[in-house]
Structure formats: structure tokens, C-alpha cells
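One-letter residues, chain by chain:
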Amino acid sequence: MIDAAVEQKESRVVLSARGLVKEFAGFTAVNDVNLDIHHGRIHALIGPNGAGKTTVFNLLTKFLQPTRGRIELLGSDITRTPPAKVARMGLVRSFQISAVFPNLTVRENVKIALQRPSGLARQFWLPLSSLDRLDARADALIDELGLAGWRDHRAADLSYGRKRVLEIATTLALEPKVLLLDEPMAGMGQEDVAMVADIIRNVATERAVLMVEHNLSVVANICHQVTVLQRGEILAEGDYATVSADPRVRTAYMGNDA
Amino acid sequence: MTGKSEPVQSGLASAHPRAKRIRIAIIMVSLAGLLLAPHLFYPIFLMKLLCFALFASAFNLLLGYTGLLSFGHACFFGGAAYFTAHAVKIWGWSPEAGILLGVAGAALLGLIMGAIAIRRQGIYFAMITLALAQLFYFFCLQASFTHGEDGIQSVPRGKLFGLINLHDASNMYYFVLAVFVIGLLIIWRFVNSPFGMILKSIRENEQRAISLGYSVNRYKLGAFVMSAALAGLAGGMKALVFQFATLTDVTWQMSGEVILMTLLGGIGTLAGPIIGAGMVVTLQNYLATSEFPVTIVTGLVFMACVLLFRRGLIGEFFASKLGRSLGFRPDS
Ligand SMILES: Nc1ncnc2c1ncn2[C@@H]1O[C@H](COP(=O)(O)OP(=O)(O)O)[C@@H](O)[C@H]1O
Ligand SMILES: [Mg+2]
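Positions within a chain are numbered from 1, following the residues in the order the chain's sequence is written. Going through the entries in the order they are written, you letter the chains from A and number the ligands from 1. Only residues with pLDDT of 70 or above have their local features reported here, since the model is predicted, and side-chain atom pairs are shown and tallied only from 80 upward, although totals for entire chains, interfaces and linings are computed over all residues. Where side-chain values are given, they derive from all heavy atoms of the structure, hydrogens and water being excluded.

The name recorded for chain B in an unreviewed UniProt entry is Branched-chain amino acid ABC transporter permease, from Paracoccus alkanivorans. UniProt positions are given in the numbering used here, feature names are shortened, and annotations may be inferred rather than shown by experiment. Turning to chain B, the UniProt record has this under Subcellular location (unreviewed entry): "Cell membrane".

An unreviewed UniProt entry lists chain A under the name ABC transporter ATP-binding protein, with Paracoccus alkanivorans given as the organism.

The following block contains the structure:
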């Protein structure tokens, strides 16, 4: 299932969380979570609905401020860093509900992401045509992810699966070092799931990926490491075989979801 | 994913073949109309109209293109009127320098107000801008340079660049028209620029823009300051046109009026606020000489328009079949 070569490659921790806690008005949604995300690996975060997976994503990307705990990205403490800054440092996320710019075309969506690293975002005195030099890079990404036929379509007019692919294309435009994907394949057809799985496997060779995924065969196929979350706490951790054999996981998660 | 071949440009399939030429023709005819207008209408009425049209356009930069509803824009409009009037009358500055001071003052006020308000959302943002604008109103009421209820009166229009006598009604009109056109071109460029694209993305999906690394509050603040500066441009001009600056222009009613103009015409389009301002100013002019109470009638017109044309007059036209076939795009 998993490449022995990848398994053996010395792994570098790029994102880590220690003792992460998030309380919402007395209710503890995330409780004492420790995570280590490695360069070149795909890490799955699984667990039943309401387990706190999205909240963990929000904490790691600083869309939510943790109640307690510490987060480190590429060796720097980001526990108090604002979310946009975290993104600029190389940690980019997708959202559980597909996040595109609906009234922009597919190409414009990707170019929004390309604008920032190319330093073409604050120029209010330049014409729109100054963004033309981002076209080639945008189109290359669009082609790579199989969206070439939809380049000039409004994002709102794409099918659900294609919106998710566009979201990944936009995210990849930033060349993030750590990629957080919240249920990237939810609601997709079989064919699209296979394609997106391929894309993720490909991009993970040069970066770290943490993904929330319900499709366990995908998790078994492409993820090197699995963390199971239940009621905000880590229930089990390890590779897929270990985790899926764990009786606690079987009753808590596989029992109702698989 | 790929496979099926769909027409790439399906959205524009119904466009009129000469849409672009027709759009340019509409702009040209409007410009020609504005150039000839002083032969048909009172210049002072036209200049008032242009000042408010620019004010509403500046306001729309914030509401329509940034998605922020400010309830304090009178502060920039009326504040700039005071600054310009004071500089020209007391310090003897040239009209162009006086207007630039008004713009700079309004931009500074915008920076302060924006920095305080920008973190808040929706109604809280509107309330903070209102509160700060009221604070500024009381400052203007108390400060000595504004001359309280009297305002700054008999402001000389002076000579533009030391050459063109602005006391000549026609010279003044073309000066105001030129500033108006420049103001609109600035807005046009601002909206259709790399910065404008980021503003648009923030309006479409703020969370996503943050996750792509954009510090959205800075972009919003940039738009706020630009909107304040252009409102100041309109206010400074108004002070020269009417040759006085008064408390009326810094009241909350003035902030309300510009919202009304913008919504009437339609937000998020360049033409909307201009048409809206034209309607309100014209209506006020007619009603001023009649028995009807101005505020009640404009209020009723506003209600009727909002009920009938949810997107504003121009917004509805752009969204209509004819508007679409001419290639006008209403924003979302
Ligand atoms: N902003 C919030 N305020 C209050 N409770 C929240 C908030 N966000 C999430 N929760 C709660 O935290 C728990 C975990 O939610 P979530 O992280 O979305 O779960 P998952 O993504 O695993 O399905 C849920 O019980 C949810 O109701
Ligand atoms: Mg979730």
C-alpha cells in the first residue's frame, strides 16, 4: 500500500501541536491534542461527526485561538500569530464547505492566490492587465488539475467536484509547505475521488499534508499516518493497519461510520 | 473530470455584437451632455449635482466594492468642506491647493475612523462610524475655525492655477466637471486594479481570502481611506461651488442621504450612485419650491424604489435582458 521508500525517508516535523485545548463557553471541543505533521507525508485526521476535526484545523491555522496549548510551524511558535500571517508562512488550508470565489472565473480564482507571492496585490494604480503575466502559471495549474475546459467559467457554475478541485488548485498556487484539507472528497463521485487522491499523493511528495477524510479506503490507500479523534480527544494513532485493528477505534468509529 | 466539451464562453453567448461600441457610445453621449448642460440648466444646480454624484460614487467604493456600510461619511464630506474653505479664505490658498488640503484632511480622518471601526462587522461597523462622525460633528460645533452655526461664509473661489477665474460660472462648472471625471477615473482604476481584485475576493469569500494569506483588514482600510479621500474631494469642491462650509454637511442626515442616493441608483456599479444622486438632488430642488416636506417625500420615493427595484435603478437595468446583452455586469 505505502511505498517503502517513503516510509523510510527521514522525516522532518514541519507542524506540531502540543496540549491543544479549545473550550466554547464551557464545552470542550478539543482536549489535549498532540500532533506531529511530517514533510513528505500524508496524515489523516479521522473520527465521527462532531469529534472536533474541523476545530483542530481552525486552531492550527489560527482561525480560532486555542484556549491552551502551543503550535509550532517550521520551527516558529505560531500560537499567537494571526491567520493571514500563518498562511504567508506556508500553512494553507481548504474548508469543509468548498471555498471558491463564486463570481470570479476559474482562472481569476487561481490568480487571486498567485497575486500575493508575486507582489501584485496592493497596486491600486495599475490596470488589470498587469495581472496578465500570471496567466501562464495559472493556466499550467489549471491544466495540471484537469480544469482546462472550464478556465473561463464562473466558479459558481462548476459542479461540486470541480469546485473542490479548483480549491486545491488555488491552494497549490501558493506552493504551501503544509497543506490542510478538510474533507476534500466529500460529496464527490467515485471517479473524482480517485483523481483527487492522485493529486494529493502527488503534491505530498514535496510538502506535508494533513487531511480530514471519511472515505476509509482513501485513507488506507494514500495516508501514511492516521490520528483518530473522538469527542475532542485522540483515541488512537499510527498507520492505518494499526489504527483499524484497534478495538476501541472499531467500536467508536468504524462501528457507526464505515 | 475533463472529457465533455462545453462552450468555454457560454455565459456571454447572448451578448449583442456591438455591445462594446454601444457602451462607449453611452459614455460619450453622457459626457457630451455634461459638456453642453450649462446651456440648458443652472450651472449651480449642475455643480451641486456633480459634487453629490462624486460623493455617492466615493461612498459606493466602500459599500458596493468593499461591502462596508459606513454611517459616517458626512464627516469626510463636510470636514473637507471646512478644511478647503478655511485654507482658501483665511490662509489665502489657491483653490487647487485648498481642495488638496480637504482631500488630505478627509483621508486622515478616514484613516483614524477606519482604524477604529474596521475590525467590527455589519451593524457594529455602521454604529461605530456613526458614533465617530457624531463626535466630529460636535467638534465642528464647538471649534472656533468652523464658526459654529454660521459656518465659514463668503469663501472666495479664487483663480485656478493662478490663471482661470473661477468666479465665472462657466469656468467653475468645467473645473468641477473635470474634477468629477478625474474622481470617477480614479474610482474606475481602483476597482479595476490588482488591489480591486483582492477587494472583490474579500467580498466574495473573506475566510478564503484570509486563508490565502491576505490580511483583509488592511485591504478594507485601504478602501476606506480612498473612499474618505474622494468624499473629501467632493466636499472641498462643494465648499468652493457654494462659497461656504456649514454644519449641515457634517450631520448624520448627510451620511444618511448619501446612503439613500447610492441605494436608489444601485450599489456596485459605477453609474448607479451618479443616477441616484441626480434623482435625489433634482427631487430636492423641485420640492424646495413646493409645499411638500422634502424629507417625507424623498423617504416615500426611497421606499417605493426599494420595493420596486431591489438592486436600485441602474442595478435593475444592468441585470435586465437588455443590460446583459449590452455587456453590463451587475455585481452578484
Ligand atoms: N464556533 C463554535 N462554537 C461553539 N461550538 C462549536 C464551534 N465550532 C464547533 N463547535 C462544536 O465543537 C464540536 C466539534 O465540531 P467540529 O470540529 O466541527 O467537528 P467535526 O469537524 O469533527 O465534525 C461540535 O460539537 C461543535 O458543535
Ligand atoms: Mg468537520
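Participant: Which residues make up unusual backbone geometry, and what are the values?
Facilitator: Residues and elements named next belong to chain A. At Leu74, a position not held by glycine, the phi torsion is positive, near 50°. For Leu74, the position within the fold is in the loop between β4 (68-73) and β5 (76-77). Relative accessibility under 20% of the residue-type maximum defines a buried residue, over 50% an exposed one, and the middle range a partly exposed one, all with a 1.4 Å probe and only protein chains included. Taking relative accessible area as the criterion, Leu74 reaches 34% and is therefore assigned partly exposed. Positive phi, normally seen in glycine, also occurs at Glu183, with a value near 50°. Structurally, Glu183 is set in the loop between β7 (178-182) and α7 (190-203). Counting from the N terminus, the helices are DSSP H or I runs at least four residues long and the strands are E runs at least two residues long.

Participant: Could you give an account of the coordination of the magnesium ion (ligand 2), naming the residues involved and the relevant values?
Facilitator: Water is absent from the atoms considered, so a metal site may look incomplete; donors are defined as N, O and S atoms within 2.8 Å of the metal, or 3.2 Å for Na, K and Ca. Around the magnesium ion (ligand 2), the protein contributes the donor atoms Thr54 of chain A (OG1) and Gln96 of chain A (OE1), at 2.0 to 2.2 Å from the metal centre. Here the residue Thr54 of chain A occupies a position in helix α2 (residues 53-60), and Gln96 of chain A occupies one in the loop between β6 (91-93) and α4 (106-115), the gap between them amounting to 42 residues.

Participant: So what's going on with the environment of Gly272 of chain B? Which residues, and what values?
Facilitator: All names here are of chain B. Within the element layout of this structure, Gly272 appears in helix α11 (residues 271-288). Take Gly272: its relative accessible area is 0%, and that puts it in the buried class. C-alpha separation for the pair Gly272 and Thr66, spaced 206 residues apart in sequence, amounts to 16 Å. Only heavy atoms matter for contacts: two residues are in contact if any of them lie within 4.5 Å across the pair. Those residues in contact with Gly272 that sit more than four places away from it in its chain are Gly265, Gly266 and Ile314.

Participant: Could you give an account of the pairing of β4 of chain A, naming the residues involved and the relevant values?
Facilitator: All names here are of chain A. We call two strands paired when DSSP finds no fewer than two bridges between them. Sheet analysis places strand β1 (residues 13-24) next to β4, joined by five bridges and oriented antiparallel. What sits directly across from Arg18, in β4, is Arg70. Where β4 and β5 come together, two bridges link them in antiparallel fashion. If you follow Glu72 over to β5, its bridge partner there is Asp77.

Participant: Describe in detail the site of ligand 1, supporting the description with residues and values.
Facilitator: Residues and elements named next belong to chain A. Taken together, Phe24, Phe27, Ala29, Pro48, Asn49, Gly50, Ala51, Gly52, Lys53, Thr54 and Thr55 make up all the residues around ligand 1. Pairs of N or O atoms are called polar contacts if they sit within 3.5 Å, as long as, within protein, a hydrogen donor faces a hydrogen acceptor (for residues adjacent in sequence, only side-chain-to-side-chain pairs). At 2.8 Å, a backbone N or O of Lys53 approaches an oxygen atom of ligand 1. Values of accessible area rely on a 1.4 Å probe in the Shrake-Rupley scheme; residue burial ignores everything except the protein chains shown. Here ligand 1, which alone exposes 560 Å², has 60% of that area covered by the protein. Counting residues per element, the ones that place at least two in the shell around ligand 1 are β2 (27-38) and α2. Of all the elements, α2 adds the most residues to the shell around ligand 1, at three residues. Each residue receives one of three labels: charged for Asp, Glu, Lys and Arg, nonpolar for Ala, Val, Leu, Ile, Met, Phe, Trp, Tyr, Cys and Pro, and polar for the others, Gly being one of them. A per-class count over the shell around ligand 1 returns five nonpolar, five polar and one charged. Nearness is defined per residue: one heavy atom within 4 Å of the molecule or strand is enough.

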